[in-house]
Amino acid sequence: MIRYILWRVTVMIPTLVMISMLVFTIINLPPGDYFESYVAEMRAIGETADMQEIDELRAKYGFDKPLPIRYLHWVGGMMVGDFGYSFEYRLPVSDVVGDRLWLTILVSVVTIIVTWLLAFPIGIYSATHQYSWGDYGLTLFGLIGLAVPNFVLALVLMYFANVWFGTSIGHLMDQRYLNQPMSWEKFKSILEHLWIPVIIIGTAGTAGMVRRLRANLLDELRKQYVMTARAKGLHPFKVLIKYPLRMSLNFFISDIGSILPQIISGAEITAVVLSLETTGPMLIKALQTQDMYLAGSFLMFLALLTVVGMLISDIALALFDPRIRLYGGRTR
Amino acid sequence: MIKRRTILGLMASSLLPLNARAAFTGAASLDAEIKQGKLPDISGRLPRNPRVVNLGAKKLAAGQHGGVVRMLIGGQRDIRLMPINSYSRLVGYDEQLNLHADILESFDAQDDRIFTFKLREGHKWSSGSPLTSEDFRYAWEDVMNNRDLHRGGIPVELRVNGKGPRFEMVDALTVRYSWEEPNPDFLAQLASPTPLLIAMPSAYLKQFHPKYQSAEELARLIKQYRVEDWDDLHKLMSRTVRPENPDLPTLDPWYNTTKPPSGQFIFKRNAYFHRVDENGLQLPYIDQMTLDVSSPDLIAAKAGSGESDLQMANVDFSDYTFLKAAEKRFPLTVDLWKRTQGSRVALIPNLNCKDDVWRKVFQDVRVRRALSLGINRQEINKAVFFGLAHEAGNSVLPDSPLFKREYEQAWASHDVDQANRLLDEAGLANRNDDGLRLLPDGRVAKIIIESAGESTFESDVLELITDHWLKIGIAIFTRVSQREIFRKRVIGGETVMGIWMGLDNGVPTADMSPKELAPTFDDQLQWPVWGLHYLSGGTDGHPPDLPEAIELLELMKKWKTAGTYEQREAIWHSMLEIFTSQVFTIGIVNQSLQPLVKSSKLQNIPENGLFGYDPTSYLGVYMPDTFWYKEDQA
């Protein structure tokens, strides 16, 4: 087991190096750089951008140097916790991200919990009552959630929340609580706004999870040990929880790997439409304006979380299911 | 004109009798701070000779202090709107676009060469430190002439034929700038939405300047603010275009109190603001401006649900019906203002495009005229702008003293026969089986029109033009891209034709520079390469090779040295004449409407205003410091 974990950890390093190269290449692909869009923006609003200033900025941040050197500079900075400078905000990247990270985690954690709370009972019900009206009904409901684009749902919910409950449009709290320390009123305001993104992001996730749980559980329910347990008079609910449900949870554990990055990135498009104070809109904006250090740091962070998440879920799976652990380092 | 300017400059200070100093009243919201001894009382805050704004004379109501105005901005960078809207300038325009002394007590312009500025005695920055000629000297000597801060030397705007002015501190309240040749643009630069900064709060900024600060302390500050070197530090702390530094003293009616990054920026009243109303109340009336950062796409929806007290940015004419419907549910009023662009949408042939054949074709004036004649502007106006815009080429608006009907109507009628005839004459007479014209090299005349994809108007308009131009044998296709990429492609010559807006300033006076009409910038989509040549001082791009473009450039240079108003006016007219008759840009409609959402209680905002950046500074010339809440009218 330890060898397996060690092996997985060593593999992570070249993976991350590869990812960092990819990220760096991709954010450098579009023509021009941040300074170019900066000038365009300034001109568009009638401001004069000093060409000299632009050239100086370029030199200062090493944009006149060849790509590989800039890459090393970037990676080297990240190693010592310097995530670079956001040109858009004219602040170090770490300052820019700040509070947003916590709000993002809040939205994501609540969404994930809600998804689980909904998906498990529904999935179990659907599997045990296969082809019943309830199964069809819940499946239909779930598929609608999956099929309706999140941003449409966001617009609809935003409208009704405003018309029916007077909730202010978009954002995670009323504007007057922005920048204020946490208080009971602020917390209530957050709760009042939180349900909208949670429902929107949650519906899609729920539907997928229900379907997978149902399918896995159906496979198990038909196996002989279930029949035997039932035949021997074990309470049907106990049978279900104790054996087939546990056996059908492999997919759930491997999903844990993707939960970590999901917590940070959330659902970007929904967040953009709802104008949430999370990291998603910031990442998209950074990519659009070619604010490359900000975007790059985000992407690297997401990559790191994905890799770590995968490690965690691999270890969990190995602990959980002995059949998996044997592969990995030892067979090689 | 020299006379007019001088008189106006003096007038501003002497028009109204001085009230007794005891008669001035500050806002009650500052009383607590005065009690605590943090602020002097009103007599210690106003200049000896404040600028008296006579609202009654402008047919506006004098108001009362108090209230918060909430506005929405589409991103953090949009706090730049505050200094633009606040519009406190050394000299500034009024609604009729006349220049007045504002921060200055008076100014004197001799032959447009020697400018003498007189400051108000006792005028203070928002920090309470006095505004004196030392602040001008600091900006001139220690900033503009400092090679670390301005590597290229003094700003281009201050140079006439490459030579800068002579700066003199006459006394503590008087400064003088003198050039060897006229610099008629100088005052307009100072009055522009993003003015030339010739005075800086030296008392504050000196702590970031090595001339006045010890190296150790400077090193500590550089570390504290996480910048690379002192010039970065100085630039960061002195940035006024985006007022992100809450400690930077200002002369505006409100100053920022929020440090970025933030989702909300709070601008509080400047207790030292230099204007008073006719009753002696210190302006601004409004205590606080709150700018909430939202996503640009949500702003119209939020404004329509009563979340903004004053909104023009990020709402467009297409939101008008929705906003108007919101009037019933919220205490809002939606007005329509007139946009000042020379054209709301314009097709812009790239005379510098890489494609040799198209370049030659477009450089033929007959083709440009034919393309313009081929557009049915009336249909576009009716279909896309509900008939509320005005069908015209890209030119100045009737609100400009330079307006002439023949400019805006030059080649702007719909005449398919004449257009076909012109195209035949221009050597595009051959057609293929589909009736499309053939280029001289045998290709079919298909134009790909590129857009930055920022407004839905553009695609709607292009859809209609597709049909119009088929009748003159030209096919068009649309390619939507993204602003940065679009711009880059135009400059690189890859774009044959673009769609964008017309002249930025559609309401110029002869005293404003006609640079938009000549190739002077690399973002002029009709001739970016020629513009770049001028902009870079001849080191980049190519000089214009079309006689009319050369002539425009020559005229523009002549304007810069013209000594009298009449000369400048004559130059403007010849330039407009060339620009419009040559149809360098194909304007379609102008004077389109811009909704302005305001709280019904907010007073003194005109119902019909001009909406534009230059020269009206959005709300600037309408003086937001004179807006106030009428409380009894719920």
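It should be emphasised that the depicted structure is a prediction, and the values quoted were computed from it without experimental measurement.

Before going further, it helps to examine unusual backbone geometry. All names here are of chain B. Here the bond from Pro 260 into Pro 261 is cis, since omega is 0°, no more than 30 degrees from zero. Across the junction of Asp 614 and Pro 615, the peptide omega takes the value 5°, indicating a cis bond. Along the polypeptide, Pro 615 turns up in the loop between strand S23 (610-611) and strand S24 (628-629). If you check the backbone angles, Asn 314 has positive phi at about 65° while not being a glycine. If you trace the backbone, Asn 314 turns up in the loop between strand S13 (310-311) and helix H11 (320-326).

Let us now look at a negative patch on the surface. Residue and element names in this part refer to chain B. On the surface, a cluster of negative charge is made up of Glu 379, Asp 460, Glu 463 and Asp 467. Per-element tally for the negative patch: the top contributor is helix H17 (residues 456-470), with three residues. Note on placement: Asp 467 falls in helix H17.

Let's shift gears to the sheet that holds strand S5 (residues 104-110) of chain B. Residues and elements named next belong to chain B. Ordered in space as S5-S6-S8-S7, the four strands form an open sheet in which the pairing is antiparallel. Two strands lie at the open edges of the sheet, namely S5 and strand S7 (166-171), each paired on one side alone. On average, each strand axis in the sheet is tilted by 15° relative to the strand beside it, whichever way the strands run. Sheet analysis places S7 next to strand S8 (residues 174-178), joined by five bridges and oriented antiparallel. Along S8, the bridge assignment pairs Met 169 with Val 175. Where helix H5 (residues 133-144) meets the sheet, its contacts fall on strand S6 (114-119), S7 and S8, and the angle it forms with S7 comes to roughly 160°.

Time to look at the interface of chain A and chain B. A common way to state how big an interface is: give the accessible area lost once the parts meet. In this complex, chain A contributes 43 residues to the contact, which on the side of chain B involves 44 residues. Each partner contributes to the roughly 3,700 Å² buried at the junction of chain A and chain B, and carbon and sulfur atoms together form 48% of this total. The tally of links from chain A across to chain B stands at zero salt bridges. Joining chain A to chain B, the criterion identifies zero residue pairs in polar contact (both at pLDDT 80 or more). Secondary-structure elements contributing two or more residues to the side of chain A that touches chain B are helix H2 (34-44), helix H3 (51-60), strand S2 (91-92), helix H5 (93-97), helix H8 (150-165) and helix H14 (268-274) of chain A. Of all the elements, H2(A) adds the most residues to the side of chain A that touches chain B, at nine residues. Across the side of chain A that touches chain B, the residue classes tally to 18 nonpolar, 15 polar and 10 charged.

Here the focus is the pairing of strand S10 (residues 264-269) of chain B. All names here are of chain B. Where strand S9 (residues 254-256) and S10 come together, three bridges link them in antiparallel fashion. When the bridges of S10 are listed, Tyr 255 appears paired with Lys 268. Judged from the five bridges that link them, S10 and strand S12 (residues 288-293) form a sheet pairing that is antiparallel. Across the sheet, residue Ile 266 finds its bridge partner in S12, namely Thr 290.

Inspection of the entire model under this criterion finds 33 aromatic pairs over all chains. Measuring from centroid to centroid gives 6.3 Å for Tyr225(A) and Tyr243(A), while their planes differ by 85°, and the two rings are edge-to-face. Here Tyr243(A) lies in the loop between helix H11 (236-242) and helix H12 (244-247) and Tyr225(A) lies in helix H10 (residues 224-231), a separation of 18 residues in the sequence. Taking relative accessible area as the criterion, Tyr225(A) reaches 31% and is therefore assigned partly exposed. Classification of Tyr243(A) by relative accessible area gives partly exposed; the value is 37%. An aromatic cluster is present here, built from Phe115(B), Phe117(B), Trp140(B), Phe167(B), Tyr177(B), Trp179(B) and Phe186(B) joined pairwise through their rings.

Procedures and definitions
- Along each chain, residue indices are assigned from 1 in the same order as the chain's sequence is written.
- Chain labels run from A onward and ligand labels from 1 onward, assigned in the order the entries are written.
- Selection of residues for local features in this predicted model requires a pLDDT of at least 70, selection of side-chain atom pairs for listing and counting requires 80 or more, and totals for whole chains, interfaces and linings are taken over all residues.
- Excluded from the side-chain calculation are hydrogens and water; included are all heavy atoms of the structure.
- By definition, any uninterrupted DSSP run of H or I lasting at least four residues is a helix, any uninterrupted run of E lasting at least two residues is a strand, and each is numbered from the N terminus.
- The residues that make up patches have over 30% relative accessible area and no salt bridge, and they are joined within 9 Å when like-charged or within 5 Å when they are Val, Leu, Ile, Met, Phe, Trp or Tyr.
- Each accessible area value is a Shrake-Rupley result obtained with a 1.4 Å probe; residue values ignore everything except the protein chains displayed when judging cover.
- Put simply, a salt bridge is a Lys or Arg side-chain nitrogen that is within 4 Å of an Asp or Glu carboxyl oxygen.
- Residues counted as positive are Lys and Arg, residues counted as negative are Asp and Glu, and His and the chain ends are not counted.
- For charged residues, the charge sits on one atom: NZ in Lys, CZ in Arg, CG in Asp, CD in Glu.
- Any two strands between which DSSP finds at least two bridges are classified as paired.
- Here the axes come from fitting lines to C-alpha atoms, over the contacting stretch only for helices, and the angles between their N-to-C directions go from 0 to 180 degrees.
- Note on contacts: a residue pair qualifies if any of its non-hydrogen atoms lie within 4.5 Å across the two residues.
- The buried area of a pairing is the accessible area, by a 1.4 Å probe, that goes missing from both parts when the two are put together, added over both.
- As used in this structure description, the phrase polar contact means that two N or O atoms lie within 3.5 Å; if the pair is within protein, one of them must be able to donate a hydrogen and the other to accept it, and residues adjacent in sequence are counted only when both atoms belong to side chains.
- Gly falls in the polar group here, along with every residue not listed as nonpolar (Ala, Val, Leu, Ile, Met, Phe, Trp, Tyr, Cys, Pro) or charged (Asp, Glu, Lys, Arg).
- Pairing of aromatic side chains requires ring centres within 6.5 Å, counting the rings of Phe and Tyr and the six-membered ring of Trp. Pairs whose planes differ by under 30 degrees are stacked, by over 60 edge-to-face, and all others tilted.
- When a residue's accessible area, from a 1.4 Å probe over protein chains only, is under 20% of the maximum for its type it is buried; when over 50% it is exposed; and in between it is partly exposed.

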